[in-house]
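Structural overview for review
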Amino acid sequence: MNLQRQIGFWLGALLVFIIFLVVFSSVLLPFLVGMAVAYGLDPIADWLERRGLNRLSASLVILVGFIVILVLMVVLIVPLLVNQLAGLIDKIPTYAQQLQALIQAFLQTRFGQMLQVDSGQLSNSMGTLMSEGAGWLSTLLKSLWSGGSALVDLAALFVVTPVVAFYMLIDWDRMVARIDSWVPRDNVETVRMIARDIDHAIAGFVRGQGLVCLLLGCIYAFGLMLVGLNFGLLIGIGAGILSFIPYVGTTVGFVVGVSVALVQFWPDWPWIGATVVVFMIGQFIEGNILQPRLVGRSVGLHPVWLMFALFAFGALFGFVGLLVAVPAAAAIAVLMRFAIARYLTSPIYRGRMGGDDQPPALP
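Throughout what follows, the structure given in this document is the object of discussion.

What counts and what doesn't
Residues numbered from 1 in each chain as written. Predicted model: local features only at pLDDT ≥ 70, side-chain atom pairs only at ≥ 80, totals over all residues. Heavy atoms only, no water. Helix = DSSP H or I, 4+ residues; strand = E, 2+ residues; numbered from the N terminus. Buried < 20%, exposed > 50% of the residue type's maximum accessible area, 1.4 Å probe, protein only. Expected span 1.5 Å × (residues − 1). Arc of directions from axis to C-beta. Salt bridge = Lys/Arg side-chain N within 4 Å of Asp/Glu carboxyl O. Axes fitted to C-alpha atoms, helices over the stretch in contact; angles between N-to-C directions. Parallel < 35°, antiparallel > 145°, perpendicular 65-115°, else oblique. Contact = heavy atoms within 4.5 Å. Nonpolar A, V, L, I, M, F, W, Y, C, P; charged D, E, K, R; others polar. Phe/Tyr/Trp six-rings, centres within 6.5 Å; stacked < 30°, edge-to-face > 60°.

**Some points on the side chain of Ser59**
- Following the sequence through the fold, Ser59 ends up in helix H3 (residues 55–76).
- Given a relative accessible area of 0%, Ser59 falls into the buried group.

Here you go:
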């Protein structure tokens, strides 16, 4: 009976949390981002406290530094990205037509004729696909560009987020202690253990993967600008940001970058090859240097599980769901490992004849 009450309590808490997300999803963005910023900067505040500053002073120092970096990014980088985004929106239909012409020209070559592809049918299919794709992408970018609500949300993000992050950073330790005091005393040690595992998973992925995305964006942007690719800064930073979803950032950046390179540099193959090399170098650095050192294997978030969580939470809660997806995926993964560990030591798994056999190790 006690177990049933515990299960009912935690299921009820989960239900309340989900209802809260659904009801307030439209206004949660700056608050969630502020909490995420406070969570990411809390170790720096703790470090400053160990160096003699009180919590308020440490939070002020961090807030001022954060605002300075944010303002520099907005002043130096955002105008360039805005101009390149506007130019890309205008160029999408032209690029689609030029790519179609390149494919038709390729089919007329000896190698293209060896493929025995009906050039007329393929041309019509590619034309329809590119026209629809270009129209959809152009409409999407224009809606993001001109959406009044998006501009309001962006303004609220820049105004509210630093304030929320500042107050959350001041009260972070007290808030954690208060939440700990609300946990049922019979389960407090178990909840603390699960919370430590969740914190380890979230911190390892969010902070580590955040740095990976930042460094990858710089590598791609610098490399593509060095090659001289049109919209190289936008494509590089976009690929870096999308790298938060495994394989998606590199794939999207590669497809867009090579498509632009084909239109811009054809028939100068060395420059098209240089564009490909930029993404190959970025992928090599990510897989062999950045991921092992900054993220590691201790996070326990499988890429497939992470992608499913991002798509699922994005479909349910929109952009706010994307922000919640990674912490939720990490928490669910930890809870599932905990549940499986309990199951493997329970009479349900062992049965009457189980004896003292050791359960299999968890992955």
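After that view, the rundown keeps rolling.
**Looking at helix H12 (residues 303–317)**
- Under the 1.5 Å per step criterion, the end-to-end length of H12 is 21 Å for 15 residues, consistent within 8% with the ideal 21 Å.
- Within H12, burial applies to Leu306, Ala309, Leu310, Phe313 and Phe317. Buried residues of H12, viewed axially, fall in a sector of 100°; they line one side. Of the exposed residues in H12, those oriented more than 90 degrees away from the buried face are Val304, Phe308, Phe311 and Ala315.

**Brief notes about the pattern of salt bridges**
- For the coordinates displayed, the defined rule picks out seven salt bridges.
- Ionic pairing is found between Arg55 and Asp46, a salt bridge with its closest N-O pair at 2.8 Å.
- On the basis of relative accessible area, Arg55 is assigned to the buried category, the value being 10%.
- Residue Arg192 is joined to Glu189 by a salt bridge in which the shortest nitrogen-to-oxygen separation is 3.1 Å. Of this pair, Arg192 and Glu189 are both found in helix H8 (residues 188–227), three residues apart, which corresponds to roughly one turn of the helix.
- Overlapping salt bridges, with partners in common, bring together Asp42, Asp46, Glu49, Arg55 and Asp173 in one network.

**Some points on the packing of helix H2 (residues 29–50) against H8**
- One can describe the packing of H2 onto H8 by two numbers: an axis separation of 11 Å at closest approach and a directional angle of 95°. Accordingly, the angle class assigned to the pair H2 and H8 is roughly perpendicular. On H8, the residues touching Tyr39, Gly40 and Pro43 of H2 are Asp199, Ile202, Ala203 and Arg207.
- Taken together, the residues of the contact of H2 with H8 sort by class into four nonpolar, one polar and two charged.

**A look at the side chain of Ser243**
- Within the element layout of this structure, Ser243 appears in the loop between helix H9 (232–242) and helix H10 (248–265).
- A relative accessible area of 3% places Ser243 in the buried class.
- Those residues in contact with Ser243 that lie beyond four places of it in its chain are Gln209, Cys213, Leu216, Gly249 and Thr250.

**Some words on the packing of aromatic side chains**
- Per the counting criterion, the structure on display carries five aromatic pairs.
- Ring geometry for Tyr220 against Phe279: centres 5.0 Å apart, planes inclined by 35°, an arrangement best described as tilted. Here Phe279 lies in helix H11 (residues 269–295) and Tyr220 lies in helix H8, a separation of 59 residues in the sequence.
- Residue Tyr220 is classed as buried on the basis of its relative accessible area, which comes to 0%.

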